[in-house]
Amino acid sequence: IWKVDRVITKSISRFARNTADCLHYSRELKDLGIPIYFQKENIDTMAASGELLFTILSSLAQEESRNISENTTWGIRSKFKRGQPMINTERFMGYDKDENGNLVINPEQGEVVKRIYRDFLEGWSLEGIAQQLKAEQVPGVTGKARWNAKTIQRMLQNEKYKGDLLMQKTYTVDFLTKKMVENKGEKDQYYVQGDHEALVTPEVWEAAQYELKRREGFMESHGICKIVSQAGSGFSGRVYCGLCGSSYHRLNPNGNTPYWKCLNAEKAQGKICTNGNVKEKELRRAFTIAWNSIVENRESFMGHWKTMQKSENALERIRGKQMIELTAEGRLEFEIPELTRMVLEEVRVHNSTTFTITFLDGTVKNVKL
């Protein structure tokens, strides 16, 4: 039993945004014996002339909606041309707006942004950074500790953190549905350098872009969809089989003797690889030997690292500086996960005692235990 006798609405434009919807819902209600009364237009859909007038006026309402949308879009783009941004800082981590509408750093959030860039360039994965922030209950832009890899990636790609501003990254393709799509050159974009105070230097921001591309290529070449860093290990996502090329994953069944196993050597996977397991202590030992070999021959690498520091590639400049500083600290007594995560590209396991270790500066060391 219907409990609605009549629908009263202020105007046609408040009832629906397009003619098709207006007619569809008005007829559906009319079939149920429920009239609609539009106060502004003084139309009753049950009246003899009501539907004709309704059809005409709803078409005009749709056109009015189009004009409003186009005028709004024109106004926004005019502001963009003048270098005036339109940013919702309630959904933008690291910044607030002052009384004049300018971006100003939010100190607490700004430190989180800096940490994300620092952790990323020190080897943490997108997923690993998100997990650490959630574990520490670090509040995000909403005030809650809700972090994921996609959020971290977008923050690393956002030019606003280096003080610049790219306007019209998206645009509306349909004024009725308000559907927004990424602007891939269909509309003019406007770029402003030095628009506001930066949270990271241009070099750090550019290095992050190169590192994102490097990791994308790394995952593609190794046939993996993501890398997840673990707090206690610098080898996560970096250990691969020298026989079949598959990744090794970490297992720790009794909580104190972790080891690594080729995924293709798993019985559950059909066991198509014969390469054996590797104790984590042997991986750590192999890395320590390789790193100490670099430290002991540091002077022979200095020319390469100094050349990297002069590169046009910001990531290479940072890597070169890191290697110079880190090797200056001397030999390792044992492997340190933070160092491994920062300098290691991959380990190839040929068998349980033979490894090829590749560093991010391009150095390759073969280790036989």
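Okay, so let's go over this structure. Position labels on residues start from 1 in each chain and follow its written sequence. Totals for whole chains, interfaces and linings use all residues, but because this is a predicted model, local features are given only for residues with pLDDT of at least 70 and pairs of side-chain atoms are given and counted only at 80 or more. Values reported for side chains reflect all heavy atoms of the structure, with hydrogen atoms and water molecules removed beforehand.

**Observations concerning the sheet that holds strand β12 (residues 259-262)**
At least two bridges found by DSSP between two strands is the condition for calling them paired. Secondary structure elements are defined from DSSP: runs of H or I of at least 4 residues count as helices, runs of E of at least 2 residues count as strands, and each element is numbered from the N terminus. The strand order β11-β12-β13 describes an open sheet built from three strands, whose pairing is antiparallel. Either end of the sheet is taken by a strand with one partner, and the two such strands are β11 (248-251) and β13 (278-279). Summarising the sheet, β12 and β13 pair through two bridges and their orientation is antiparallel. Within β13, the position partnered with Tyr-259 by the bridge is Lys-279.

**Side note on the sheet that holds strand β2 (residues 36-38)**
Across the sheet, which stays open at both edges, the three strands sit in the order β1-β2-β3 with mixed pairing between neighbours. Two strands lie at the open edges of the sheet, namely β1 (7-9) and β3 (43-44), each paired on one side alone. Summarising the sheet, β2 and β3 pair through two bridges and their orientation is antiparallel. Its bridge partner lying in β3, Phe-38 is registered against Ile-43.

**What to know about the pattern of salt bridges**
Should a side-chain nitrogen of Lys or Arg be within 4 Å of a carboxyl oxygen of Asp or Glu, the pair is scored as a salt bridge. Scanning the model with the defined rule gives 16 salt bridges in all. Across the salt bridge formed by Arg-298 and Glu-299, the nearest N and O atoms sit 3.9 Å from each other. The rule is simple: take the accessible area with a 1.4 Å probe, protein chains only, and divide by the maximum for that residue type; under 20% is buried, over 50% is exposed, in between is partly exposed. The class for Arg-298 is buried, based on a relative accessible area of 18%. Accessibility expressed as a relative area gives 61% for Glu-299, which makes it exposed. Linked through salt bridges whose partners overlap, the residues forming this network are Glu-211, Arg-214, Arg-215, Arg-319 and Glu-345.

**A short note on the environment of Pro-107**
Structurally, Pro-107 is set in helix α4 (residues 107-121). Judged by relative accessible area, Pro-107 falls into the exposed class, the value being 62%. Distance from Pro-107 to Asp-96, taken between C-alpha atoms, is 9.7 Å for residues 11 residues apart in sequence.

**Comments concerning the pairing of β12**
Examined bridge by bridge, β11 and β12 share four bridges and lie antiparallel to one another. Residue pairing in the sheet places Leu-251 in a bridge with Tyr-259 of β12.

**So, the packing of helix α8 (residues 280-296) against helix α9 (residues 298-309)**
Fitted lines through C-alpha atoms give the axes, limited to the stretch in contact for helices. The angle between two N-to-C directions lies from 0 to 180 degrees. Remark: α8 packs on α9, axes separated minimally by 6 Å, with the N-to-C direction vectors making an angle of 85°. With respect to their mutual orientation, α8 and α9 come out roughly perpendicular. Counting all contacts with α8, which are made through Ile-294, Val-295 and Glu-296, the residues of α9 involved are Arg-298, Phe-301 and Trp-305. Put simply, Ala, Val, Leu, Ile, Met, Phe, Trp, Tyr, Cys and Pro go in the nonpolar bin, Asp, Glu, Lys and Arg in the charged bin, and everything else, Gly too, in the polar bin. Broken down by class, the residue content of the contact of α8 with α9 amounts to four nonpolar, no polar and two charged. Any angle that falls under 35 degrees is termed roughly parallel, while one over 145 is termed roughly antiparallel, one within 65 to 115 roughly perpendicular, and all others oblique. Throughout, a residue-residue contact means that at least one pair of heavy atoms, one from each residue, lies within 4.5 Å.

Function cannot be inferred from these measures alone, as they are strictly geometric.
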